[in-house]
Amino acid sequence: MDAYPPETLISEHLVTFVVLTTGWGAEPRATSSLCNMLLRSDLLNDQFEDIYFCVFGLGDTTYEKLCCPAKKLSRRMQSLEDMKFAH
């Protein structure tokens, strides 16, 4: 995800996040800049008007915190009022 500039997210209409779980439930380093931007508490809800999203979490079922980064990202995206979950 580091190859994707976070500031271009607002120009997308459909965003699919594929988030891997590494170690014992940690997010991979490559997701850090985008995830950190999305998890900021000062984001305005209308920044993401008309964007649909879905989140896929991947990981080993032996991890204590299986797909924790994906769940965290999904909850955050759903909390932004103008984001719409793609069914």
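See the structure shown above.
Bear in mind that the values here come from a model prediction, so they are computed numbers and not experimental data. (Residues numbered from 1 in each chain as written. Predicted model: local features only at pLDDT ≥ 70, side-chain atom pairs only at ≥ 80, totals over all residues. Heavy atoms only, no water.)

A tally of helices and strands in the protein chain yields two helices and three strands. Taken from the N to the C terminus, the helices and strands of the protein chain come in the order β-α-β-α-β. The 87 residues of the protein chain split such that 33% are buried. Residue pairs in contact within the protein chain that sit at least 24 positions apart in sequence constitute 79% of those at least 6 positions apart. If you sum the accessible surface of the protein chain, you get close to 5,600 Å²; carbon and sulfur atoms cover 55% of it. (Helix = DSSP H or I, 4+ residues; strand = E, 2+ residues; numbered from the N terminus. Buried < 20%, exposed > 50% of the residue type's maximum accessible area, 1.4 Å probe, protein only. Contact = heavy atoms within 4.5 Å. Areas by Shrake-Rupley, 256 points an atom, 1.4 Å probe, with all protein chains shown as cover.)

A contiguous nonpolar patch, built from Val-18, Leu-20, Phe-56 and Leu-58 and spanning about 360 Å² of accessible area, is present on the exposed surface. Contributing elements (two or more residues each) for the nonpolar patch: β1 (14-20) and β2 (51-58). Summarising the element assignment, Val-18 is placed in strand β1. On the basis of relative accessible area, Val-18 is assigned to the partly exposed category, the value being 44%. (Patch = residues over 30% accessible without salt bridge, like charges linked within 9 Å, V, L, I, M, F, W, Y side chains within 5 Å. Salt bridge = Lys/Arg side-chain N within 4 Å of Asp/Glu carboxyl O.)

A few words now on the nonpolar core. Counting residues in each nonpolar core, the largest one holds 18 residues, and the members touching the most others are Phe-17, Leu-38, Phe-48 and Leu-73. Mapped by element, the contributors of at least two residues to this core are β1, α1 (32-38), β2 and α2 (68-79). Ranked by residues supplied to this core, first place goes to α1 with four residues. Setting aside residues no more than four positions away along its own chain, Leu-73 makes contact with Phe-17, Val-19, Cys-35 and Leu-38. (Core = buried A, V, L, I, M, F, W, Y, C linked by side-chain atoms within 4.5 Å.)

Here Leu-58 shows up in strand β2. Note: C-alpha distance between Leu-58 and Thr-22 (36 residues apart in sequence) is 9.1 Å.

Within the secondary structure, Thr-21 sits in the loop between β1 and α1. Residue Thr-21 is classed as buried on the basis of its relative accessible area, which comes to 6%. Here the side chain of Thr-21 touches Cys-67 through a polar contact of 3.1 Å, landing on its backbone nitrogen. Each residue touching Thr-21, except ones within four places of it in the same chain, is listed here: Ala-26, Leu-58, Gly-59, Tyr-63, Lys-65, Leu-66, Cys-67, Cys-68 and Pro-69. (Polar contact = N/O pair within 3.5 Å; in protein donor to acceptor, adjacent residues only side chain to side chain.)

With that settled, the discussion passes to the state of the cysteines. Counted according to the given criterion, the structure contains zero disulfides. The structure places no disulfide on Cys-68, whose sulfur is separated from the nearest cysteine sulfur, that of Cys-67, by 9.2 Å. (Disulfide = S-S within 2.5 Å.)

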